[in-house]
Amino acid sequence: EIILMFYGWYVVGACCFIMMYSSGAISLGFTAIFEPLVDEFGWSHTQISLAASLRGLERGLLAPFAAILSDRWGPSRVVFGGLILCSLGIILLSTVTSLTMFFTSFILIGIGVSATATPLLMVLVLSWFPKKGGLAMGIAASGVALGGLLVPLITFFIDTFGWRQAVFIIGMGVLVIPLPLSFLLRKRTEKFRYPHNNKESGLSLDDDDSSIPEKSEVVNIETKEALNDRVFWIIAVAFFFQVFALSGVVTHIMPYLSSIGLDRENSSFIAGALPLATIIGRIGFGWMMDRVDKRGLAVLSFALNSLGVFILAFITPGQTLLIVVFIIIYGVGWGGSVVLLAGLLNSYFGLKRLGTIIGFAGLITMIAFVTGAPLAGWIFDQWGYYQPAWFVLAGIVGIATFLFFGLRSPSHLIAKSA
């Protein structure tokens, strides 16, 4: 059987574009409507941050269930249903008149987004590229970064048509752009063979399964065993702190830049450029994951995350060079952490129960959204500026960096899982 391209690359492309729209419209783009909400309703930064963070909490609470449903029903159905709920939640957001409705819309969005969470889609990608999946994950995860291109566009729509009409358009767009792509998401079956080792581009099919690791080299740990292993908790706690800081930066980047004197247009371009810079980290760290020890890469990624947040506290209008340095350092570190979560857990626990294991890790890390962004908002409400929040968040990620030194080699798990 011959097709134009190894089907795994179609899955990578579909995941990339689904995550692009999801991140741009729901996660990264939210910072653009932060100030219009404050102006219209007079809500505090803490209240708005807490409501927005619910999308992270719902993703965390439902991630294990989404993984189980994906294993049972297939990823296409789960992602399709999740996108429908996302669309309904965003459209409801465009009609809110009270804080209760605002919270309700984000709960609905969070439930839907749980079915399109990046780690879960990374598991699907890894199933097609079990031996050299780092680069494929990096390309797919770049969709989240490309969502940054939508931030200036969303800001333009909000400033031109008003935030309600702009949000309604975004909600309808879910049905037009990512929803049809969900039909391309399918599991690897025996019908679809892996590309031969010498044909890593995957431009054709090959019946030779030599690219599949020998049984003795495969790590396949059951979920219960993984949850009882200290390695799982080291990784999960470290990423909890990283997401804690990330939620504060992503949610408050435009309000922060406005508070120090930058206009909305320039703020939106910086907010959009930041996730674009993560493409370097996503693809670069993904490529390196196939070649070097992932533990060292995790230390490097988290160190860059911490340094980037620290630099953010010293940005002032006119410091173009410092802004560029912040975007590159934090962006590369952030991008690397995206692919490293799935890569690390796959190294230690294998593909057999990876979706469920990542779901439980997501349950832990996404709770950080409930505390990270509201903490930054609370600090601003108390002191009137964001700098103390950036110092706190930079320190937290810095501490998390050292947790990776406690990870032992995954080689001892091979015999355990045989």
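Check the entry above for the structure.
Conventions used here
- Residues numbered from 1 in each chain as written.
- Predicted model: local features only at pLDDT ≥ 70, side-chain atom pairs only at ≥ 80, totals over all residues.
- Heavy atoms only, no water.
- Core = buried A, V, L, I, M, F, W, Y, C linked by side-chain atoms within 4.5 Å.
- Buried < 20%, exposed > 50% of the residue type's maximum accessible area, 1.4 Å probe, protein only.
- Helix = DSSP H or I, 4+ residues; strand = E, 2+ residues; numbered from the N terminus.
- Contact = heavy atoms within 4.5 Å.
- Salt bridge = Lys/Arg side-chain N within 4 Å of Asp/Glu carboxyl O.
- Expected span 1.5 Å × (residues − 1).
- Phe/Tyr/Trp six-rings, centres within 6.5 Å; stacked < 30°, edge-to-face > 60°.
- Lys NZ or Arg CZ within 6 Å of the ring centre and 35° of its normal.
- 1 Å grid on protein atoms, 1.4 Å probe; cavity = no way out; pocket = protein on both sides within 12 Å on 5 of 7 lines; lining within 4 Å.
- Points joined across faces, edges and corners; volume = space filled by probe spheres on them.
- Nonpolar A, V, L, I, M, F, W, Y, C, P; charged D, E, K, R; others polar.

A.B. asks: Quick question: what am I supposed to make of the nonpolar core here?
C.D. replies: Nonpolar side chains in soluble globular proteins tend to end up buried together. Counting residues in hydrophobic clusters, the biggest one holds 126 residues, and the most contacted among them are Phe326 and Leu345. Of all the elements, helix α12 (residues 230-259) adds the most residues to this core, at 18 residues. The contacts of Leu345, once residues within four sequence positions are left out, are Phe232, Ile235, Gly350, Leu354, Ile357, Ile358 and Ala361.

A.B. asks: What exactly am I supposed to notice about the environment of Ile177 here?
C.D. replies: In this structure, Ile177 sits in the loop between α9 (163-176) and α10 (178-181). When the C-alpha positions of Ile177 and Phe17 are compared, they lie 8.3 Å apart, and in sequence the two are 160 residues distant.

A.B. asks: Got a minute to help me understand the pattern of salt bridges in this structure?
C.D. replies: Between side chains of opposite charge, a pair can form when the charged atoms approach closely. In this structure the tally under the stated criterion is 3 salt bridges. Among the ionic pairs, Glu40 bridges to Arg164, the shortest N-O distance being 2.9 Å. One end of the pair, Glu40, is in helix α2 (residues 31-41); the other, Arg164, is in helix α9, and 124 residues separate them in sequence. Taking relative accessible area as the criterion, Arg164 reaches 27% and is therefore assigned partly exposed. Two residues, Asp293 and Arg295, come together in a salt bridge whose shortest N-O distance is 2.7 Å. We classify Arg295 as partly exposed; its relative accessible area is 22%.

A.B. asks: Mind showing me how you'd approach helix α4 (residues 75-93) here?
C.D. replies: Helical periodicity: at 3.6 residues per turn, an α-helix aligns residues three or four positions apart in one direction. An ideal rise of 1.5 Å per residue puts 27 Å on 19 residues; α4 measures up with 27 Å between its terminal C-alpha atoms. Of the positions making up α4, those classed as buried are Pro75, Ser76, Val78, Val79, Gly82, Leu83, Cys86, Ser87, Gly89, Ile90 and Leu93.

A.B. asks: Honestly, the packing of aromatic side chains in this entry has me stumped. Any pointers?
C.D. replies: A ring pair, where both rings are aromatic, is described by two values, the distance of the centres and the angle of the planes. By the definition in use, this model includes 28 aromatic pairs. The interplanar angle of 85° and the centroid separation of 5.1 Å between the aromatic rings of Phe239 and Phe302 together place this pair among those described as edge-to-face. Remark: Phe302 occurs in helix α14 (residues 294-312) and Phe239 occurs in helix α12; sequence separation between them is 63 residues. With respect to class, Phe239 is no different from Phe302; both count as buried. For the ring pair Tyr348 and Phe349, a centre distance of 6.3 Å and an interplane angle of 45° mean the geometry is tilted. Both residues of the pair, Tyr348 and Phe349, belong to the buried class. The positively charged end of Arg186 is found above the aromatic ring belonging to Tyr7, 5.4 Å away from the centroid.

A.B. asks: Would you mind going over the side chain of Ser22 with me for this structure?
C.D. replies: Considering the arrangement of structural elements, one finds Ser22 in helix α1 (residues 7-27). Beyond its immediate sequence surroundings of up to four residues, Ser22 is in contact with Ser27 and Thr116.

A.B. asks: Sorry if this is basic, but what is going on with empty space enclosed by the protein here?
C.D. replies: Empty pockets left among the atoms are what a rolling probe the size of a water molecule brings to light. With the rule as written, the count across this model stands at 5 cavities of 30 Å³ or more. Here the second largest cavity defines a volume of roughly 130 Å³. In terms of lining, the second largest cavity is formed by Ala25, Ile26, Gly29, Phe30, Ile33, Ile90, Leu93, Phe106, Ile109, Ile154, Val167 and Ile170. Residue assignment for the lining of the second largest cavity shows that the elements contributing at least two residues are α1, α4, α5 (99-113) and α9. For the lining of the second largest cavity, a count of residues per class yields 11 nonpolar, 1 polar and no charged.

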